[in-house]
Amino acid sequence: MKHLLQTSDLTINDISQILSDAQYFIDGGNWSPKKNVFIANLFFENSTRTKCSFEVAQRKLGLDIIPFEVGTSSVSKGETLYDTVKTLEAIGIDAVVIRHNQDRYFDELVGKSDVSIINAGDGCGHHPTQSLLDLLTIKQEFGSFKGLKVAIIGDIRHSRVARSNADTLVRLGAEVVFSGPVEWFNDELLENGSYEDIDSTVETADVVMLLRIQHERHGEKGTKAADDYHQAFGLTIERERRMKSGSIIMHPAPVNRNVEIDDSLVECKRSRIFKQMTNGVYIRMAVLKRTIEQMEGSGQNEDIN
Ligand code: CP
């Protein structure tokens, strides 16, 4: 497939290949496209990590980045996403990285444009490259996924990270449990995990993955007071002390310090939060390599194999 829209687009073999290519890049490996590749990053929602790490990855691979800022584009004149992508295709763009607040924004694009689409997050839907970088971080730590218990804690309902990670982790053999406010739970996710109380789950999980409270998606329903949330569902110092030996802390970030996780734990020995961000660059290099190889019709690269 020339797109990466959701983790279910990837087989277990695809995931293994992407993790392996990312590790190859971490270890200093090189790869570049056979011809110029023009790429644009379309971020209709704000981003620090995903946008910047995609750009670093694109520069490391020698791609031609065509600057695109939603605020100064013709989106402000009413141009639709469909017309933006068709326009970029018409002027020779090969691939677009898109983040958008609409769930499954890509449904209106697939099959109607030859541009490759890499999803950098759609509403409450999917965030495939975040899941892949999380998988790489877990693999670096534990070697494999089989038998690991991963606790995903927090604003499950609005989290595209929870949905993407539950899909990949379960397929790779990990046990996934969810925790957090029950009113923010999503029954649809129960097929990929069970619900547990946070105080018991922190003691048994190998990976304690906190989620950001997605205030921007809560609408009229409002949210909880920060201190109440921290005591009820956050990773407090007391809960971290009860985590088992060798277990790690993850968070897709940005982190609300002292809400989802105690400030002093963000950079503690167990935390892999900044490691996740570093891995994001290499995972995005691997995803771009795969996309470009599929565009080139090679499926392989001589340097890497
Ligand atoms: N984790 C993540 O997607 O971060 P950004 O929103 O900063 O890209």
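Since the model is a prediction, treat every value here as computed from it, not as a measurement.

S.K.: Tell me about the overall build of the chain, residues and numbers included.
M.R.: A tally of helices and strands in the chain yields nine helices and nine strands. For 305 residues, the compact-globule estimate of 2.2 N^0.38 gives 19 Å, and the chain sits close to it at 19 Å. Dimensions of the chain, computed from C-alpha atoms along their principal axes, come out at roughly 55 × 45 × 35 Å. Residues classed as buried in the chain amount to 44% of the 305 residues present.

S.K.: Now, about the site of the ligand: what can you tell me, with residues and values included?
M.R.: Near the ligand you find Ser47, Thr48, Arg49, Thr50, Gly121, Gln130, Pro252, Ala253 and Pro254, and these make up its full shell. Both domain 1 (7–126 + 277–296) and domain 2 (128–272) contribute no fewer than three residues apiece to the shell around the ligand.

S.K.: Which residues make up unusual backbone geometry, and what values go with them?
M.R.: Between Ala253 and the following residue, Pro254, the backbone shows a cis peptide bond with an omega angle of 5 degrees. If you trace the backbone, Pro254 turns up in the loop between β9 (248–250) and α9 (273–296). At Arg104, a residue that is not glycine, the phi angle is positive and equals roughly 55 degrees. For Arg104, the position within the fold is in the loop between β3 (95–100) and β4 (116–122). Under the C-beta neighbour-count criterion, Arg104 is labelled partly exposed, with 15 such atoms within 10 Å. Residue Ala253 is not a glycine yet carries a positive backbone phi of 65 degrees.

S.K.: Which residues make up the sheet that holds β3, and what are the values?
M.R.: Read across the sheet, four strands follow the order β2-β1-β3-β4 without closing on themselves; strand pairing throughout is parallel. Two strands close off the open sheet at either side, each with one partner strand: β2 (64–65) and β4. The sheet contact formed by β3 and β4 spans five bridges and is parallel. Bridge assignment links Val97 to a residue of β4, and that residue is Ile118. Of the strands in this sheet, β1 (38–43), β2, β3 and β4 touch helix α2 (residues 49–60), which is tilted by about 175 degrees from β1.

S.K.: Describe the packing of helix α4 (residues 128–142) against helix α5 (residues 160–171), with residues and values.
M.R.: Packing of α4 against α5 leaves a shortest axis separation of 8 Å and a crossing angle of 55 degrees. Between α4 and α5, the angle falls in the class oblique. α4 and α5 meet at a crossing whose hand is right-handed. Each of Pro128, Gln130, Ser131, Asp134 and Leu135 in α4 lies in contact with α5, whose residues at this interface are Val161, Ser164, Asn165 and Thr168. Classifying every residue of the contact of α4 with α5 by side-chain character gives three nonpolar, five polar and one charged.

S.K.: Tell me about the sheet that holds strand β5 (residues 149–153), and please be specific about residues and values.
M.R.: Taken together, the five strands give an open sheet; going across it, the order is β7-β6-β5-β8-β9, and neighbouring strands pair in parallel fashion. The open sheet has two edge strands, β7 (194–195) and β9, and neither has a second partner. With three bridges connecting them, strand β8 (residues 207–210) and β9 associate as parallel partners. The partner of Val207 across the bridge, within β9, is Ile248. The strands that α5 touches are β5 and β6 (175–179); relative to β5, the one it contacts most, it runs at about 170 degrees.

S.K.: Describe α5, and please don't skip the residues or the numbers.
M.R.: Here α5 is twelve residues long and its end C-alpha atoms lie 17 Å apart, about the 16 Å a rise of 1.5 Å per residue gives. α5 sits mainly inside the fold: ten of its twelve residues count as buried. Of the residues making up α5, those classed as buried are Arg160, Val161, Ala162, Arg163, Ser164, Asn165, Ala166, Asp167, Thr168 and Leu169. Along its buried surface, α5 packs onto α1 (12–26), β4, α4, β5 and β6. Where α5 ends, the next residue or the one after it, Gly173, has phi of about 105 degrees, a positive value.

S.K.: Account for the UniProt feature "domain: Aspartate/ornithine carbamoyltransferase carbamoyl-P binding" (unreviewed entry) in the chain, with residues named and values stated.
M.R.: Per the UniProt record, the feature "domain: Aspartate/ornithine carbamoyltransferase carbamoyl-P binding" (unreviewed entry) sits at residues 2–140. Span residues 2–140 is 36% helix and 15% strand, its end C-alpha atoms 28 Å apart.

S.K.: Can you lay out the confidence of the model for the chain for me, pointing to particular residues and giving the numbers?
M.R.: This prediction gives the chain a mean pLDDT of 93; 95% of its residues lie at or above 70. Below a pLDDT of 50 lies the segment residues 298–305, which in the model reaches 13 contacts outside its immediate sequence neighbourhood of four places, other chains included.

S.K.: Hey, could you go over the domain arrangement of the chain for me, with residue numbers and the actual values?
M.R.: For the chain, the assigned domains are domain 1 (7–126 + 277–296) and domain 2 (128–272). Between the C-alpha centres of domain 1 and domain 2 the distance comes to 26 Å. Facing 23 residues of domain 1, the contacting portion of domain 2 comprises 20 residues. Looking at which element gives the most residues to the side of domain 1 that touches domain 2, the answer is α9, with six residues. Taken together, the residues of the side of domain 1 that touches domain 2 sort by class into ten nonpolar, ten polar and three charged.

S.K.: Outline the environment of His218, supporting the account with residue identities and numerical values.
M.R.: Turning to its location among the elements, His218 is positioned in the loop between β8 and α7 (226–233). According to the C-beta neighbour criterion, His218 is partly exposed, with 15 such atoms within 10 Å. A sequence separation of 147 residues divides His218 from Gly71, and the C-alpha atoms of the two residues are 24 Å apart.

Cut-offs used in this document
Residues numbered from 1 in each chain as written. Predicted model: local features only at pLDDT ≥ 70, side-chain atom pairs only at ≥ 80, totals over all residues. Helix = DSSP H or I, 4+ residues; strand = E, 2+ residues; numbered from the N terminus. Rg over C-alpha atoms; globule rule 2.2 N^0.38 Å. Buried ≥ 20, exposed ≤ 12 C-beta atoms within 10 Å, placed from the backbone. Near = placed C-beta within 6 Å. Domains from an automatic or database assignment. Pairing = 2+ DSSP bridges. Contact = placed C-beta atoms within 7 Å. Axes fitted to C-alpha atoms, helices over the stretch in contact; angles between N-to-C directions. Parallel < 35°, antiparallel > 145°, perpendicular 65-115°, else oblique. Left-handed = near helix turned anticlockwise from the far one by under 90°. Nonpolar A, V, L, I, M, F, W, Y, C, P; charged D, E, K, R; others polar. Expected span 1.5 Å × (residues − 1). UniProt positions renumbered as here; feature names shortened; annotations may be inferred. pLDDT = per-residue confidence, 0-100.

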